Structure formats: C-alpha cells, structure tokens
Amino acid sequence: MRSAVTSLKRLILASIACVLGAAALTFVVDPLQLFRPSRLVAAGYSEDTRVQNAGLIRSQSFDTAFMGTSLAIHFRQSDIDRALGVRSLKLAMTGSNSRQQGFVLEQAIDHGARRVIWAMDDFSFIAAADIEADPYLSVDLYRRTPRGIASYLFSAAMAKESLFALLRSIPPLRDPLTRAAPYLPVKFALSDVDDIYALPRNFDVARGYNAERTLAAFAYITDPVRSRFLGEGYGYEAMVRHFERDVAGLVTRHPDVTFDIYFPPYSILQFVAMRDASPATLKIVTDLTAHIAQRLSQLSNVRLYDFRAIKAVTHDLGNYSDVIHHSPVVDAMVLGWLASGEYRVDPNTPLASLEKLKAQVESYRVPQP
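Residues numbered from 1 in each chain as written. Predicted model: local features only at pLDDT ≥ 70, side-chain atom pairs only at ≥ 80, totals over all residues. Heavy atoms only, no water.

### Some points on the overall build of the protein
Along its length, the protein carries 16 helices and five strands. On the principal axes, the C-alpha backbone points of the protein span a range of 85 × 45 × 45 Å. By the burial criterion, 51% of the 369 residues in the protein qualify as buried. For the protein, long-range pairs separated by at least 24 residues make up 81% of all intrachain contacts whose partners lie at least 6 apart in sequence. In the structure as shown, the protein presents an accessible area of about 17400 Å², 58% of it carried by carbon and sulfur atoms. Between the averaged position of the 40 positive side-chain charges in the protein and that of its 38 negative side-chain charges there is a distance of 7 Å. (Helix = DSSP H or I, 4+ residues; strand = E, 2+ residues; numbered from the N terminus. Buried < 20%, exposed > 50% of the residue type's maximum accessible area, 1.4 Å probe, protein only. Contact = heavy atoms within 4.5 Å. Areas by Shrake-Rupley, 256 points an atom, 1.4 Å probe, with all protein chains shown as cover. Lys, Arg positive; Asp, Glu negative; His and termini not counted. Charge placed at Lys NZ, Arg CZ, Asp CG, Glu CD.)

### Here's the deal with the packing of aromatic side chains
Here the structure, examined in full by the defined rule, presents twelve aromatic pairs. Taking the centre distance of 6.3 Å and the plane angle of 70° together, the rings of F203 and Y209 count as edge-to-face. The partly exposed category is assigned to F203, whose relative accessible area is 32%. You can call Y209 buried: its relative accessible area is 7%. (Phe/Tyr/Trp six-rings, centres within 6.5 Å; stacked < 30°, edge-to-face > 60°.)

### Describing the nonpolar core
Among soluble globular proteins, nonpolar side chains are generally buried collectively. Among the nonpolar cores identified, the biggest contains 81 residues, and V104, W118, V247, F259, I261 and L296 are the most heavily contacted of them. At eight residues, helix α13 (residues 279-296) tops the list of elements feeding residues into this core. With sequence-adjacent residues up to four places away left out, F259 is seen in contact with I109, V116, W118, L250, V251, H254, N301, V302 and R303. Membership of the second largest hydrophobic core comes to 21 residues, among which are I73, F75, L335 and L338. (Core = buried A, V, L, I, M, F, W, Y, C linked by side-chain atoms within 4.5 Å.)

### Focus on the side chain of S353
Along the polypeptide, S353 turns up in helix α16 (residues 352-363). Owing to a relative accessible area of 19%, S353 belongs among the buried residues under this scheme.

### A word on the environment of T94
Among the structural elements, T94 can be located in the loop between β2 (88-90) and α4 (98-110). Linking T94 and A72, residues 22 residues apart in sequence, is a C-alpha distance of 8.4 Å.

### A short note on the environment of G148
Mapping G148 onto the fold places it in helix α6 (residues 146-153). Overall, the relative accessible area of 2% leaves G148 in the buried class. The residues touching G148, leaving out its near neighbours within four places in the chain, are D140 and L141.

### Things to note about the pairing of strand β3 (residues 115-119)
The side chains of a regular strand alternate, residue by residue, between the two faces of the sheet. Along β3, five of the five residues are buried, which leaves the element largely enclosed by surrounding structure. Alignment of strand β1 (residues 64-67) against β3, held across four bridges, turns out to be parallel. By the bridge assignment, F66 is partnered in β3 with I117. Strand direction decides the pairing type here: β3 and strand β4 (residues 258-263), joined by five bridges, are parallel. Its bridge partner lying in β4, W118 is registered against I261. (Pairing = 2+ DSSP bridges.)

### Let's talk about the packing of helix α11 (residues 236-253) against α13
The N-to-C vectors of α11 and α13 enclose an angle of 30°; their axes lie 10 Å apart at closest approach. In terms of orientation, α11 and α13 fall into the roughly parallel class. Here the hand of the crossing between α11 and α13 comes out right-handed. For the pair formed by α11 and α13, the contact residues are Y236, M239, V240, F243, E244, V247 and A248 on the first element and I284, D287, L288, H291, I292, R295 and L296 on the second. A class-by-class count of the residues in the contact of α11 with α13 yields ten nonpolar, one polar and three charged. (Axes fitted to C-alpha atoms, helices over the stretch in contact; angles between N-to-C directions. Parallel < 35°, antiparallel > 145°, perpendicular 65-115°, else oblique. Left-handed = near helix turned anticlockwise from the far one by under 90°. Nonpolar A, V, L, I, M, F, W, Y, C, P; charged D, E, K, R; others polar.)

### Some remarks on a nonpolar patch on the surface
A cluster of nonpolar residues, L8, L11, I12, L13, I16, V19, L20 and F154, forms a patch on the protein surface that exposes about 790 Å² of accessible area. What makes I12 partly exposed here is its relative accessible area of 45%. (Patch = residues over 30% accessible without salt bridge, like charges linked within 9 Å, V, L, I, M, F, W, Y side chains within 5 Å. Salt bridge = Lys/Arg side-chain N within 4 Å of Asp/Glu carboxyl O.)

### Some details on the side chain of T314
When you line up the elements, T314 lands in helix α14 (residues 311-314). Residue T314 is classed as buried on the basis of its relative accessible area of 0%. In this view, T314 contacts P265, Y266, S267, I268, F307, R308, Y320 and Q360; residues no more than four positions away in its chain are not counted.

Laid out in structure tokens, this is it:
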C-alpha cells in the first residue's frame, strides 16, 4: 500500500514538473512574442490572426494599423508601407465582426498606432456579440491578464510550438524544418511577418480571379434554395447600434488618431444578387451605409472613401473570385486611391457615391451565357 502511495506521489510530482517545464519553455521561447520580440530563436508567425494579432501588437514597431475582413486579408504590409509612406501592421481577420475589429484596433492604438486604415464591410455589423464573452477572440490574452497569461503558458499547443521553434533554431535542423513547416501540425510556420495570409508571390491571379468564377458564385448565392442566406442576420437597428459602438465610439475616443475608412469595391453582382433575390437586404445595406457615410462625415479625424461605384473595376467581373473578393491587382489600386485621395467622400455631399451605386445596381443586367 505504501509503495502504491509513493508511486502516486512520484507520478503527481513528475506531472507537475512536466507542466511547469512546458510553461517555462513557452515563456522562454515565447512563440507568440507576447512578452518580447524574438531573440533567442528565429521569429515565427501564424495565420490564426485572432491569436497572432495579440503578439504582433506587442512585438512589432508600427504607426499605422490596417484592419478588415477577408477582403483585406491578402494585402502585404510592405505594399501598404510603400504606397502610403507608413509603417503598418496588418491586423485584418477573416470573418471578423465590428466588435472584434474595434477591440483589436483599440489595443493597437494603445500601443502606438496614430493612423488606422479600415476596410469596412456591411456584414461585419451583423453579429457583433459582447467581446468579453467572445469564444473566438481572447481578450485576456490581448490584455495580458493573469488568466490570459496562464492560458498561454499552460497551453499544450503553445508548448508544441515552442519546442518546434527551439528545434528550428538548431543550425543543422533549421533549413529542413523551415521547408517542412507548412506540412507539419504547427501554426507558427511563417518566417516573415509580411507573408501572414498574403497570397504567394507566384500565385496565378488569372486562374484565381476571373469572370467565370464570379458568375458561378452569383448563380450559387441567388439560387432559390440558398438565396435566403443573403439576408441572414441583417437587421438595420442592430447593425446601426453595432456601428455606433464599435466604429463611431472608437473614433470619438481617439481624436488624435486619423481614420482612413473605405467601403471596398465589391463586384456589382453583390448588390444585384440582393436586388434580384433579397431586395429587403439591399435596402438595409444601402440605408446602413447612408447612416455610416453621414455619421463619419461629421467626424473631423475621419477620411471616408467609397470604392463601390467605380464602374471600371466593379463591372469587370474578371477582377473577382466570387461576388465580393477582389484580386491583388485591385488591392494595389485601393492603395493608390488611398494615397492620392481619389474617391474620397465629400463631407458636404456624403451620399453622392451611394446614389451613383444605387443607379448602377438598378440598371445593371447580368451577362447571359
């Protein structure tokens, strides 16, 4: 009996030692760079942006934060810096809502961002739950509360990432592990922060973005079997509340920060799909963006841009992979427009570009095969 008790004690002590050892390894290696920029081992980056952003805000040097959803995810920081003469930090998160975006931007502002570039999608205002209870974004990790630090240090996944980073720092293993990283069950596999969610430099743009794909996506979302999803979650009053809390509230709390906010250049088919299959949704979207344009035009630290009525881009279906996601060619155009101030909304006529878009949507006819 005594032998069994002794063995149990040893097992418990050994388990505690293993857990503490793993936590110590994570603290020293710090794969997320939550405590310090990487020095002991080469830095690695993850495409799990909701987690990665917590470390980027702490470890990177920047003066400009770039935010958005999947429409902004493929921009490269180096391109933003070159086009706009800034030192940017891309924080775009696929499928993010306005509450998540506003929270992450507030952390970036607190750590040095004096300019925010924000790609604003109407659907980000649909489901913007309480950030304190958000299961997909850990506010404790961003705030480095005891709970957040504990969840980081005592995470088995982070211990695995730390061990991988440590092994990759050993010279004979560095090259083979770096090459194998994309195929291994590790998240912090990118060696360059510029590559986070960016398309490979040899990506076949013509194959990924073309009219055939765009028209196929249009047919898919307007099919009577699925068209009800076009308006799923859309509600004007709730979306306005989310905008006021997450955007207008953030902007007014930081009058010393310049906000460049733009409506991305969706293809015309995004709005035509609503026109044909869910007109009530189209009205919510246009009413919401009218409210946003009028509200932001009243704020002196906002420069608002509307790229949705640029016919040469939005009517060229070859620019898209579906009805909203545009190609890297258009990414470059967006940066050029932001740099030049072209398509900036005149605060005295904030609805002019929206009225132009409405007229285009009303008159557009979908190409027939």
